[in-house]
Amino acid sequence: MARSPSTLFMRILHWIGGHERATLIGLALVSGGLWGFVELADEVMEGETATFDEWLLLRLRTPEDLTDPIGPGWFEEMGRDVTALGGVGVLVFMTLAVVGYLLLHRSRGLALYTTVAVGGGILLSTLLKEFFDRSRPDLVPHETAVYTSSFPSGHSMMSAVVYLTLGAMLARIQGHLPLKAYILLVAAFITVSVGSSRVSLGVHWPTDVLAGWAGGAAWAVACWLVLRQLQRRGDVEGEEGGGLPSPEERGAEDRAAPLSVRR
């Protein structure tokens, strides 16, 4: 039986307004991140961003002495502290800490997924840097040691991959909306701070950081979308809006279960 256009339209609105709304938003964010990365990469390879990159980099230095970043000495030192949050060692420690928490919470499937998601993102960032092989800024002295090429910013992309992915993993298993929002806001704040510090220290062009944010955010949201599907199918622990029970609660449930069920 053919449906009228109005009925079909209402069904589409109902589908969008239901539980698939988050999926649509996630897909839009992934698409936007990928589009932003590709556009930036294209402009960088053609040299179209040179004027903007040089202008912003120089604005963050004292005009009379390009070796001196703007701001007090303590701000420069804090920039080094913040940029360390995007270093490989710190990111590995953070990932292991979250994976350990999930294992103690008996969320083995989520722990494995988190490891694969973060590890895959870091590998992707490394491969992209090798592919584009952009030179580091040479307008100002570097305020911290660097060893790899410039585009995309590894610290920016890996911070987005790790902190946003871990934030999404943890927020996904929380039952309270304010707690979800807090976790995601902290993850986003750290990601933005790390990327900004790379420009202020003179080790990255601004477009390196923008591309790192775009690529890393797209990866993190994509991982979140995959996780939602795995959790709906029951392959990974945790359901949206519910939160995971604590080990003590699980133990109490086990003890309360009939003997035949426990067997």
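Refer to the structure presented above.
A brief structural summary. (Residues numbered from 1 in each chain as written. Predicted model: local features only at pLDDT ≥ 70, side-chain atom pairs only at ≥ 80, totals over all residues. Heavy atoms only, no water.)

## Points about the nonpolar core
Looking at soluble globular proteins, one finds that nonpolar side chains tend to be buried together.
Point 1. In this structure, Leu110, Tyr113, Met169 and Leu227 are the most contacted members of the largest nonpolar core, which totals 27 residues.
Point 2. Going through the elements one at a time, α5 (88–104), α6 (108–132), α7 (154–172) and α9 (206–233) are the ones with two or more residues in this core.
Point 3. In terms of residue count, α7 provides more of this core than any other element does, eight residues in total.
Point 4. By size, the runner-up hydrophobic cluster in this structure holds 11 residues, among which are Phe132, Phe151, Ala211 and Ala214. (Core = buried A, V, L, I, M, F, W, Y, C linked by side-chain atoms within 4.5 Å. Buried < 20%, exposed > 50% of the residue type's maximum accessible area, 1.4 Å probe, protein only. Helix = DSSP H or I, 4+ residues; strand = E, 2+ residues; numbered from the N terminus.)

## Regarding the packing of aromatic side chains
Centre distance and the angle of the planes are the two values used to describe a pair of aromatic rings.
Point 1. A full pass over the atoms with the stated rule returns five aromatic pairs.
Point 2. For the ring pair Trp74 and Phe75, a centre distance of 6.0 Å and an interplane angle of 85° mean the geometry is edge-to-face.
Point 3. Judged by relative accessible area, Trp74 falls into the exposed class, the value being 58%.
Point 4. A centroid spacing of 5.0 Å and a plane angle of 85° characterise the contact between Phe131 and Phe132, whose relative ring orientation is edge-to-face.
Point 5. Given a relative accessible area of 15%, Phe132 falls into the buried group. (Phe/Tyr/Trp six-rings, centres within 6.5 Å; stacked < 30°, edge-to-face > 60°.)

## With respect to the pattern of salt bridges
Point 1. In total, this model carries three salt bridges according to the counting rule given.
Point 2. Note that Arg134 is salt-bridged to Asp53, the shortest N-O span being 2.9 Å. Note that Arg134 is positioned in the loop between α6 and α7 and Asp53 in helix α3 (residues 50–59), a separation of 81 residues in sequence.
Point 3. For Arg134, a relative accessible area of 17% puts it in the buried group.
Point 4. For Asp53, a relative accessible area of 0% gives the class buried. (Salt bridge = Lys/Arg side-chain N within 4 Å of Asp/Glu carboxyl O.)

## Remarks on unusual backbone geometry
Excluding glycine, residues mostly carry a negative phi; peptide bonds, for their part, are mostly trans.
Point 1. Even without a glycine there, the phi angle at Arg106 is positive, about 60°.
Point 2. Examined against the element boundaries, Arg106 turns out to sit in the loop between α5 and α6.
Point 3. Residue Arg106 is classed as partly exposed on the basis of its relative accessible area, which comes to 35%.

## Considerations on the side chain of Thr83
Point 1. Structurally, Thr83 can be placed in helix α4 (residues 73–83).
Point 2. In terms of polar contacts, Thr83 uses its side chain to reach the side chain of Arg198, at 2.9 Å.
Point 3. Sequence-distant contacts of Thr83, defined by excluding residues within four places in its chain, comprise His155, Val194, Ser197, Arg198 and Leu201. (Polar contact = N/O pair within 3.5 Å; in protein donor to acceptor, adjacent residues only side chain to side chain. Contact = heavy atoms within 4.5 Å.)

## So, a nonpolar patch on the surface
Point 1. On the surface, Val88, Val92, Phe93 and Leu96 cluster together into a nonpolar patch covering about 410 Å² of accessible area.
Point 2. Assignment of secondary structure puts Val88 in helix α5. (Patch = residues over 30% accessible without salt bridge, like charges linked within 9 Å, V, L, I, M, F, W, Y side chains within 5 Å. Areas by Shrake-Rupley, 256 points an atom, 1.4 Å probe, with all protein chains shown as cover.)

## Some words on the pairing of strand β2 (residues 65–69)
Point 1. Direction of pairing for strand β1 (residues 61–62) relative to β2: antiparallel, over a ladder of two bridges. Paired with Arg61 across the bridge in β2 is Pro69.
Point 2. Hairpin connection, β1 to β2: the antiparallel pair is bridged by two residues. (Pairing = 2+ DSSP bridges.)

Read these as spatial facts, not as claims about activity.
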